[in-house]
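Residue strings, one per chain:
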Amino acid sequence: MSAADQRADGQPDAPALLELSGVVAGYGAISVLKGISLRVEAGEIVTLIGANGAGKTTTLMCISGVRPLTSGTIHFAGAAIAGLPAHEIVRCGVAQVPEGRKIFPRLTVLENLTMGAFTRRDGGVAGDLERILQLFPVLAERRRQLGGTLSGGEQQMLAIGRALMSRPRLLIMDEPSMGVAPLLVAKIFETIGRLNRDGLAVLLVEQNARLALKLARRGYVLETGTMVLTDRAERLLDHPRVREAYLGE
Ligand SMILES: Nc1ncnc2c1ncn2[C@@H]1O[C@H](COP(=O)(O)OP(=O)(O)OP(=O)(O)O)[C@@H](O)[C@H]1O
Ligand SMILES: [Mg+2]
(Lines give C-alpha, C1' and ligand atoms only; values in the text may rest on other atoms or scores of the structure.)
(Ligands and ions follow the chains in the order given, each with its own letter.)
Protein backbone atom coordinates (compact mmCIF):
# COMPACT_ATOMS: atom_id res chain seq x y z
CA MET A 1 0.00 0.00 0.00
CA SER A 2 2.58 2.55 1.10
CA ALA A 3 5.01 1.94 -1.79
CA ALA A 4 2.33 2.36 -4.44
CA ASP A 5 1.07 5.38 -2.55
CA GLN A 6 4.30 7.30 -2.85
CA ARG A 7 4.53 10.15 -5.27
CA ALA A 8 5.28 9.01 -8.79
CA ASP A 9 7.30 12.14 -9.52
CA GLY A 10 9.85 11.46 -6.77
CA GLN A 11 9.15 14.66 -4.83
CA PRO A 12 8.01 13.50 -1.43
CA ASP A 13 8.71 16.84 0.29
CA ALA A 14 5.65 18.86 -0.75
CA PRO A 15 2.52 17.99 1.22
CA ALA A 16 -0.24 16.27 -0.73
CA LEU A 17 -3.26 18.40 -1.53
CA LEU A 18 -5.42 15.92 0.37
CA GLU A 19 -4.14 13.27 2.71
CA LEU A 20 -6.18 10.83 4.80
CA SER A 21 -4.23 8.75 7.25
CA GLY A 22 -5.59 5.90 9.38
CA VAL A 23 -9.15 7.20 9.18
CA VAL A 24 -11.64 5.30 11.31
CA ALA A 25 -15.27 6.42 11.16
CA GLY A 26 -18.73 4.96 11.35
CA TYR A 27 -22.24 5.23 12.64
CA GLY A 28 -22.83 4.67 16.35
CA ALA A 29 -20.86 1.67 17.53
CA ILE A 30 -20.27 0.38 14.00
CA SER A 31 -16.95 1.27 12.35
CA VAL A 32 -17.48 1.56 8.61
CA LEU A 33 -14.00 2.85 7.77
CA LYS A 34 -11.36 0.72 9.45
CA GLY A 35 -8.27 2.90 9.18
CA ILE A 36 -8.01 4.06 5.60
CA SER A 37 -5.31 6.17 3.97
CA LEU A 38 -5.55 8.01 0.69
CA ARG A 39 -3.90 10.95 -1.01
CA VAL A 40 -4.66 13.30 -3.84
CA GLU A 41 -1.88 15.46 -5.26
CA ALA A 42 -2.54 18.93 -6.63
CA GLY A 43 -4.02 18.73 -10.12
CA GLU A 44 -4.67 15.00 -9.98
CA ILE A 45 -7.84 13.00 -10.66
CA VAL A 46 -8.07 10.10 -8.23
CA THR A 47 -10.91 7.62 -8.17
CA LEU A 48 -12.19 5.61 -5.25
CA ILE A 49 -14.02 2.47 -6.30
CA GLY A 50 -15.77 -0.20 -4.28
CA ALA A 51 -18.95 -2.22 -4.00
CA ASN A 52 -22.22 -0.97 -2.48
CA GLY A 53 -21.77 -0.35 1.22
CA ALA A 54 -17.95 -0.37 1.10
CA GLY A 55 -17.79 3.07 2.72
CA LYS A 56 -17.13 5.38 -0.25
CA THR A 57 -19.78 7.94 0.65
CA THR A 58 -18.74 7.80 4.29
CA THR A 59 -15.16 8.59 3.20
CA LEU A 60 -16.28 11.64 1.26
CA MET A 61 -18.48 12.80 4.13
CA CYS A 62 -15.50 12.59 6.49
CA ILE A 63 -13.44 14.72 4.10
CA SER A 64 -16.14 17.36 3.75
CA GLY A 65 -16.73 17.48 7.49
CA VAL A 66 -20.26 16.06 7.44
CA ARG A 67 -19.28 12.93 9.42
CA PRO A 68 -16.88 12.95 12.38
CA LEU A 69 -13.76 10.76 12.58
CA THR A 70 -13.33 8.23 15.37
CA SER A 71 -9.56 8.42 14.83
CA GLY A 72 -7.02 9.23 12.14
CA THR A 73 -6.20 12.49 10.40
CA ILE A 74 -7.19 14.43 7.31
CA HIS A 75 -4.91 17.15 5.94
CA PHE A 76 -5.65 19.56 3.13
CA ALA A 77 -2.69 21.48 1.69
CA GLY A 78 -0.78 20.58 4.85
CA ALA A 79 -3.40 21.77 7.36
CA ALA A 80 -5.44 19.44 9.57
CA ILE A 81 -9.10 19.78 8.59
CA ALA A 82 -10.81 16.93 10.45
CA GLY A 83 -13.13 18.40 13.06
CA LEU A 84 -13.60 21.72 11.26
CA PRO A 85 -17.22 22.62 10.45
CA ALA A 86 -18.22 21.77 6.89
CA HIS A 87 -18.39 25.40 5.73
CA GLU A 88 -14.83 26.00 6.94
CA ILE A 89 -13.66 23.04 4.88
CA VAL A 90 -15.39 24.54 1.83
CA ARG A 91 -13.55 27.76 2.54
CA CYS A 92 -10.26 25.84 2.62
CA GLY A 93 -10.91 24.82 -0.99
CA VAL A 94 -12.76 21.50 -0.86
CA ALA A 95 -16.16 21.31 -2.56
CA GLN A 96 -18.41 18.28 -2.66
CA VAL A 97 -20.92 17.17 -5.26
CA PRO A 98 -22.98 14.91 -3.01
CA GLU A 99 -24.52 11.53 -3.78
CA GLY A 100 -27.98 12.13 -5.24
CA ARG A 101 -26.97 15.71 -6.19
CA LYS A 102 -29.01 17.39 -3.42
CA ILE A 103 -29.84 20.49 -5.42
CA PHE A 104 -32.49 22.84 -4.05
CA PRO A 105 -35.62 21.86 -6.04
CA ARG A 106 -37.62 25.03 -5.30
CA LEU A 107 -34.80 27.42 -6.13
CA THR A 108 -33.98 28.45 -9.68
CA VAL A 109 -30.82 27.36 -11.47
CA LEU A 110 -29.26 30.77 -10.79
CA GLU A 111 -30.24 30.69 -7.12
CA ASN A 112 -28.81 27.17 -6.76
CA LEU A 113 -25.52 28.31 -8.28
CA THR A 114 -25.37 31.40 -6.09
CA MET A 115 -25.84 29.21 -3.00
CA GLY A 116 -22.54 27.55 -3.88
CA ALA A 117 -20.71 30.83 -3.26
CA PHE A 118 -22.09 31.36 0.25
CA THR A 119 -18.68 30.99 1.90
CA ARG A 120 -17.04 33.60 -0.34
CA ARG A 121 -16.40 37.22 0.53
CA ASP A 122 -14.39 38.13 -2.58
CA GLY A 123 -15.57 40.06 -5.59
CA GLY A 124 -15.15 37.28 -8.15
CA VAL A 125 -18.53 35.60 -7.74
CA ALA A 126 -20.26 37.22 -10.74
CA GLY A 127 -17.38 36.34 -13.05
CA ASP A 128 -17.34 32.74 -11.86
CA LEU A 129 -21.08 32.49 -12.40
CA GLU A 130 -20.60 33.57 -16.03
CA ARG A 131 -17.78 31.07 -16.49
CA ILE A 132 -19.93 28.22 -15.15
CA LEU A 133 -22.86 29.17 -17.38
CA GLN A 134 -20.45 28.99 -20.33
CA LEU A 135 -19.17 25.61 -19.17
CA PHE A 136 -22.74 24.28 -18.99
CA PRO A 137 -24.76 26.13 -21.67
CA VAL A 138 -27.86 24.13 -20.76
CA LEU A 139 -27.81 25.80 -17.34
CA ALA A 140 -27.59 29.21 -19.01
CA GLU A 141 -30.64 28.38 -21.13
CA ARG A 142 -32.52 27.26 -18.04
CA ARG A 143 -31.26 29.84 -15.59
CA ARG A 144 -34.75 30.84 -14.40
CA GLN A 145 -36.11 27.28 -14.27
CA LEU A 146 -36.65 25.62 -10.87
CA GLY A 147 -33.92 23.12 -10.02
CA GLY A 148 -36.43 20.36 -9.32
CA THR A 149 -37.74 20.47 -12.90
CA LEU A 150 -34.36 19.72 -14.50
CA SER A 151 -33.51 16.25 -15.87
CA GLY A 152 -31.16 14.01 -13.89
CA GLY A 153 -28.19 14.97 -16.05
CA GLU A 154 -29.00 18.66 -15.88
CA GLN A 155 -29.31 18.44 -12.10
CA GLN A 156 -25.90 16.77 -11.97
CA MET A 157 -24.43 19.64 -13.99
CA LEU A 158 -26.13 22.08 -11.64
CA ALA A 159 -24.65 20.29 -8.62
CA ILE A 160 -21.19 20.46 -10.20
CA GLY A 161 -21.68 24.11 -11.10
CA ARG A 162 -22.82 24.89 -7.58
CA ALA A 163 -19.71 23.18 -6.15
CA LEU A 164 -17.47 25.13 -8.54
CA MET A 165 -18.98 28.39 -7.30
CA SER A 166 -16.96 28.00 -4.10
CA ARG A 167 -13.82 28.16 -6.29
CA PRO A 168 -12.42 24.86 -4.98
CA ARG A 169 -8.93 23.42 -5.42
CA LEU A 170 -10.35 19.94 -4.90
CA LEU A 171 -13.72 18.74 -6.14
CA ILE A 172 -15.04 15.58 -4.53
CA MET A 173 -17.81 13.84 -6.44
CA ASP A 174 -20.07 11.01 -5.35
CA GLU A 175 -21.48 8.92 -8.21
CA PRO A 176 -21.91 11.66 -10.82
CA SER A 177 -23.18 9.16 -13.43
CA MET A 178 -26.02 7.85 -11.29
CA GLY A 179 -29.43 8.41 -12.86
CA VAL A 180 -27.91 10.28 -15.79
CA ALA A 181 -28.47 9.34 -19.44
CA PRO A 182 -25.32 7.92 -21.13
CA LEU A 183 -24.88 10.85 -23.50
CA LEU A 184 -24.91 13.32 -20.61
CA VAL A 185 -22.58 11.09 -18.58
CA ALA A 186 -20.04 11.37 -21.40
CA LYS A 187 -20.47 15.13 -21.43
CA ILE A 188 -20.10 15.40 -17.66
CA PHE A 189 -16.93 13.29 -17.68
CA GLU A 190 -15.55 15.38 -20.52
CA THR A 191 -16.20 18.50 -18.45
CA ILE A 192 -14.48 16.99 -15.40
CA GLY A 193 -11.47 16.31 -17.63
CA ARG A 194 -11.49 19.88 -18.89
CA LEU A 195 -11.71 21.33 -15.36
CA ASN A 196 -8.82 19.11 -14.37
CA ARG A 197 -6.69 20.34 -17.26
CA ASP A 198 -7.29 23.83 -15.90
CA GLY A 199 -5.77 22.71 -12.60
CA LEU A 200 -8.67 21.39 -10.52
CA ALA A 201 -7.93 18.25 -8.51
CA VAL A 202 -10.76 15.71 -8.35
CA LEU A 203 -11.58 12.82 -6.05
CA LEU A 204 -14.17 10.77 -7.87
CA VAL A 205 -16.36 8.04 -6.41
CA GLU A 206 -18.02 6.21 -9.24
CA GLN A 207 -20.00 3.01 -9.66
CA ASN A 208 -18.88 2.86 -13.29
CA ALA A 209 -15.32 1.80 -12.50
CA ARG A 210 -14.24 1.56 -16.12
CA LEU A 211 -15.26 5.14 -16.87
CA ALA A 212 -13.67 6.39 -13.66
CA LEU A 213 -10.38 4.56 -14.22
CA LYS A 214 -10.17 5.87 -17.78
CA LEU A 215 -10.48 9.44 -16.53
CA ALA A 216 -8.35 9.17 -13.39
CA ARG A 217 -4.59 9.12 -12.97
CA ARG A 218 -4.67 6.87 -9.91
CA GLY A 219 -7.25 4.80 -8.12
CA TYR A 220 -8.02 3.17 -4.78
CA VAL A 221 -10.16 0.11 -4.17
CA LEU A 222 -12.16 0.07 -0.93
CA GLU A 223 -13.64 -3.20 0.33
CA THR A 224 -15.79 -3.21 3.49
CA GLY A 225 -13.99 -0.25 4.96
CA THR A 226 -10.44 -1.34 4.13
CA MET A 227 -8.29 -0.04 1.30
CA VAL A 228 -7.17 -3.20 -0.49
CA LEU A 229 -5.49 -1.85 -3.60
CA THR A 230 -4.07 1.36 -5.01
CA ASP A 231 -2.17 1.99 -8.21
CA ARG A 232 -2.05 4.04 -11.36
CA ALA A 233 -5.42 3.87 -13.07
CA GLU A 234 -4.23 2.10 -16.21
CA ARG A 235 -2.70 -0.64 -14.08
CA LEU A 236 -5.91 -1.07 -12.08
CA LEU A 237 -7.82 -1.46 -15.36
CA ASP A 238 -5.57 -4.49 -16.01
CA HIS A 239 -5.62 -5.88 -12.49
CA PRO A 240 -7.33 -9.31 -12.25
CA ARG A 241 -9.13 -8.47 -8.99
CA VAL A 242 -10.45 -5.19 -10.39
CA ARG A 243 -11.42 -6.77 -13.69
CA GLU A 244 -13.34 -9.53 -12.00
CA ALA A 245 -15.04 -7.55 -9.24
CA TYR A 246 -15.60 -4.11 -10.81
CA LEU A 247 -15.31 -4.38 -14.57
CA GLY A 248 -17.56 -7.42 -15.01
CA GLU A 249 -14.95 -9.44 -16.89
N1 LIG B 1 -26.69 7.04 8.43
C2 LIG B 1 -26.24 5.79 8.58
N3 LIG B 1 -26.50 5.10 9.71
C4 LIG B 1 -26.02 3.84 9.88
N5 LIG B 1 -25.28 3.18 8.96
C6 LIG B 1 -25.03 3.81 7.82
C7 LIG B 1 -25.47 5.15 7.55
N8 LIG B 1 -25.05 5.52 6.34
C9 LIG B 1 -24.37 4.46 5.84
N10 LIG B 1 -24.33 3.45 6.73
C11 LIG B 1 -23.67 2.15 6.54
O12 LIG B 1 -22.30 2.36 6.31
C13 LIG B 1 -21.80 1.45 5.33
C14 LIG B 1 -21.11 2.23 4.24
O15 LIG B 1 -22.05 3.08 3.61
P16 LIG B 1 -21.64 4.09 2.47
O17 LIG B 1 -22.84 4.86 2.12
O18 LIG B 1 -20.43 4.84 2.88
O19 LIG B 1 -21.23 3.09 1.29
P20 LIG B 1 -20.95 3.36 -0.24
O21 LIG B 1 -19.64 2.69 -0.53
O22 LIG B 1 -21.06 4.79 -0.55
O23 LIG B 1 -22.11 2.52 -0.96
P24 LIG B 1 -22.95 2.82 -2.31
O25 LIG B 1 -22.09 2.34 -3.43
O26 LIG B 1 -24.16 1.98 -2.13
O27 LIG B 1 -23.25 4.29 -2.36
C28 LIG B 1 -23.00 0.65 4.86
O29 LIG B 1 -22.97 -0.60 5.51
C30 LIG B 1 -24.19 1.46 5.31
O31 LIG B 1 -25.28 0.63 5.61
MG1 LIG C 1 -22.33 5.88 -1.73
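Above: the structure in question.
Let me sum up the structure you'll find in this document. (Residues numbered from 1 in each chain as written. Chains lettered and ligands numbered in written order. Predicted model: local features only at pLDDT ≥ 70, side-chain atom pairs only at ≥ 80, totals over all residues. Heavy atoms only, no water.)

1. Here we look at the coordination of the magnesium ion (ligand 2)
Working step 1: With distances of 2.0 to 2.6 Å, the protein atoms coordinating the magnesium ion (ligand 2) are T57 (OG1) and E99 (OE). Of this pair, T57 sits in helix α2 (residues 56-63) while E99 sits in the loop between β6 (94-97) and α4 (109-115), placing them 42 residues apart in sequence.
Working step 2: The partly exposed category is assigned to E99, whose relative accessible area is 31%. (Donors = N, O, S within 2.8 Å, 3.2 Å for Na, K, Ca; no water. Helix = DSSP H or I, 4+ residues; strand = E, 2+ residues; numbered from the N terminus. Buried < 20%, exposed > 50% of the residue type's maximum accessible area, 1.4 Å probe, protein only.)

2. Considering the site of ligand 1
Working step 1: The immediate surroundings of ligand 1 are formed by 13 residues, with G53, K56, T57, T58 and E99 found nearest.
Working step 2: At a separation of 2.8 Å, an oxygen atom of ligand 1 approaches a polar side-chain atom of E99.
Working step 3: Burial of ligand 1 by the protein amounts to 58% of the accessible area it has alone, namely 630 Å².
Working step 4: No other element matches the three residues that α2 contributes to the shell around ligand 1. (Near = heavy atom within 4 Å. Polar contact = N/O pair within 3.5 Å; in protein donor to acceptor, adjacent residues only side chain to side chain. Areas by Shrake-Rupley, 256 points an atom, 1.4 Å probe, with all protein chains shown as cover.)

3. Side note on the nonpolar core
Working step 1: Ranked by size, the top nonpolar core spans 46 residues in total, and within it L113, L139, I160, L164, L171, M173 and V242 carry the most contacts.
Working step 2: For this core, the element with the highest residue contribution is helix α7 (residues 152-164), accounting for six residues.
Working step 3: Residues in contact with V242, not counting those within four places in the same chain, are I49, L213, V221, L229, L236 and L247.
Working step 4: Membership of the second largest hydrophobic core comes to 29 residues, among which are L20, V40, L222 and M227. (Core = buried A, V, L, I, M, F, W, Y, C linked by side-chain atoms within 4.5 Å. Contact = heavy atoms within 4.5 Å.)

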